[in-house]
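# Chains, contacts and geometry: an overview
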Amino acid sequence: MRSVRARATLGATLVVAAALLLTGILTIRVLEDRLLNTIQLRAESTALTVAAEVQGTARRDLDGLAGVVGSETPVQVVTRDGRVLASSATLASEPAIADFHRPRAAVPTPPGDADGGDDDDDDDDDDDESDDGRSPAASPLPGLDIASRTLTLPVTPDGGISFGDAASSPGERFHVEAARTVTADGTPAVVYAAASLSQEEETVTNLTRLLLVGGPAVLVVVALVTWLVTGRALRPVEAIRAELAAITAGSDLHRRVPEPGTGDEIARLAQTTNNTLDHLQRSVDRQRRFVADASHELRSPIASLRTQLEVAVAHPQLLDLPEVLHDAERLQELAADLLLLARLDAGERPASGRVDLTLLAHEHAARRPIVDVVVHRPAETNGSASQLGQVLRNLLDNAERHAAGRVTLTVGQEGTTAVVAVGDDGPGVPPAERTRIFERFVRLDDARSRDDGGAGLGLAIARDVARRHGGDVVVSDAPEGGARFELRLPAARD
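Residues numbered from 1 in each chain as written. Predicted model: local features only at pLDDT ≥ 70, side-chain atom pairs only at ≥ 80, totals over all residues. Heavy atoms only, no water.

Quick reminder of the rule: UniProt positions are given in the numbering used here, feature names are shortened, and annotations may be inferred rather than shown by experiment.
The protein chain has the name histidine kinase in an unreviewed UniProt entry, where Myceligenerans crystallogenes is given as its organism. As its UniProt record puts it under Subcellular location (unreviewed entry), the protein chain is described as follows: "Cell membrane". We quote the UniProt Catalytic activity (unreviewed entry) comment for the protein chain here in full: "ATP + protein L-histidine = ADP + protein N-phospho-L-histidine."

Below is the structure:
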């Protein structure tokens, strides 16, 4: 099954089915045990009561004694050789059960019983437990012993039962308790009390039928409810999937998936998906602007270079080699900047070497006469020397482009942060523009910047590289009156 809905429904139904099956089996077993115990106690109580009456009654006076017990628990009193002394009205006047007319338990020898209490003439030894595995219960009355069996007794034509032949069929199952006793005149006797198991069997059968009918009905209800609830829960997921499929097919990143107001995991999934689409849309828009701006910036130096070469072909004497070289350098620098931005956008991680920022500052300031280097404290960091050198070069180019006469390059360390600051004495950066100048292809003075060779990528590259190294580039007012750009990086640990 590939459907989550179908798998969830099947799983829930199987779990409930297993639970119902186990619960039904345990319930039936417990009910059977409880009912059987109740029946056993009723039969045993009746047998002991009648046995106690027999102890105080002479043999000739036993007729009708068992009848006082009633018809619910038939009782029969027999001698050791199976002759019936007294019997309930529901019992046929036949001899007692041949293999069960004495209790199967060791009992004290009653007065006058010279053969040690063996009430029959067979050679069976007395056992320590009854035929149904239950140990004989100690009688609460002196001289009485209890043994029990569950038998199927035949039903007579007049509706009674017979203890005479337990093996014949059809019949009714009874639990029989046998208590050994002695009459008042010394005659050994056995009292049988039989409790019907039909009520127990009927109750268990009805419960089984109820479980067999109700169990499948419950499973159908569980499957239906699970199917409906799961479908309702997965409906937002299907809506999200459909919307994502439409976005993918149409490439319209302005669309968003529906967000259910449930506040659950599916709602958070929808929110995360929309956040991802927002980020993807910004990335795509940024890439499109980057391609458009790059094409525009490349067009100018290429067109200028082509024009000068065409003029040189027609009039070699008019070729301005310094201008051609300048345009070629601008084109090379722009291509290098675009390549670096492309690598940064692709997620390229910087190298993890140790970089001496003090040495790097002196190297880049050595070729710039208007740059003064001030080292407050030597500083080092971890990262790519080439990329950090590109950052420093871009900051110095920007400062020289706007400086009136001097540029100050300062190296120091503030706690665990290495700081390289570039300040100039130019016009500075207005506070309202200090965020926008780090965007790509942004120039505060487009005409002057293009004439000087600026493409509006230097500061954007500087900030991107700094952030890739765990730092940042911030702008503030310089003491000289212009702008102060600070490159702040995590200092290298010893």
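Don't stop here, the text continues.
## Comments concerning the overall build of the protein chain
Rules: Labels follow the DSSP assignment, with helices taken as runs of H or I lasting at least four residues and strands as runs of E lasting at least two, numbered in each case from the N terminus. The rule is simple: take the accessible area with a 1.4 Å probe, protein chains only, and divide by the maximum for that residue type; under 20% is buried, over 50% is exposed, in between is partly exposed. Contacts between residues were defined by any pair of non-hydrogen atoms, one from each residue, lying within 4.5 Å. Surface exposure here means Shrake-Rupley accessible area, sampled with a 1.4 Å probe, where a residue is shielded only by the protein chains that are shown.
Along the protein chain, the regular secondary structure elements total eight helices and 12 strands. Residues counted as buried form 39% of the 494 residues belonging to the protein chain. Taking all contacts inside the protein chain whose residues are at least 6 apart in sequence as the whole, residues at least 24 apart take part in 63%. Entry remark: accessible area of the protein chain is about 26,800 Å², with carbon and sulfur atoms responsible for 55%.

## Things to note about the packing of helix α4 (residues 321-345) against helix α8 (residues 458-468)
What counts, and what does not: To obtain each axis, a line is fitted to C-alpha atoms, and for helices this fit is confined to the stretch in contact; angles are then taken between N-to-C directions over 0 to 180 degrees. Put simply, a crossing is left-handed when the front helix is turned counterclockwise from the back one by less than a right angle, and right-handed when it is turned clockwise. All residues other than Ala, Val, Leu, Ile, Met, Phe, Trp, Tyr, Cys, Pro, Asp, Glu, Lys and Arg, Gly among them, are scored as polar; the first ten of these are nonpolar and the last four charged.
Across the interface, α4 lies against α8 with an axial gap of 11 Å and an inter-helix angle of 35°. In the packing of α4 onto α8, the handedness of the crossing is left-handed. Here α4 contributes Asp-337, Leu-340, Leu-341, Leu-344 and Asp-345 to the contact with α8, which in turn contributes Ile-461, Asp-464, Val-465 and Arg-468. Taken together, the residues of the contact of α4 with α8 sort by class into five nonpolar, no polar and four charged.

## Thoughts on the sheet that holds strand β10 (residues 417-424)
Going by this rule: At least two DSSP bridges between two strands are needed for those strands to be called paired.
Reading across the sheet, the five strands line up as β7-β9-β10-β12-β11 and stay open at both edges, with mixed pairing between neighbours. Sheet topology places β7 (371-375) and β11 (472-477) at the edges, where each strand pairs with a single neighbour. When the angles between neighbouring strand axes are averaged without regard to direction, this sheet yields 20°. When β10 meets strand β12 (residues 483-490), the two strands line up antiparallel, connected through seven bridges. Each bridged residue has a counterpart across the sheet, and for Gly-423 the counterpart in β12 is Arg-484. Of the strands in this sheet, β7, β9 (407-414), β10 and β12 touch helix α5 (residues 357-365), which is tilted by about 165° from β7. Sheet strands in contact with α8 are β11 and β12, and its direction is about 130° off that of β11.

## Here we look at the nonpolar core
Put simply, the test is: Working definition of a nonpolar core: buried Ala, Val, Leu, Ile, Met, Phe, Trp, Tyr and Cys residues. They are joined through side-chain atoms within 4.5 Å.
Counting residues in hydrophobic clusters, the biggest one holds 44 residues, and the most contacted among them are Leu-395 and Phe-485. At six residues, helix α6 (residues 385-402) tops the list of elements feeding residues into this core. Setting aside residues no more than four positions away along its own chain, Phe-485 makes contact with Leu-395, Asn-398, Val-420, Ala-421, Val-422, Val-429, Ile-437, Phe-438, Leu-459, Val-473, Val-474 and Val-475. By size, the runner-up hydrophobic cluster in this structure holds 13 residues, among which are Val-50, Val-77, Leu-85 and Val-191.

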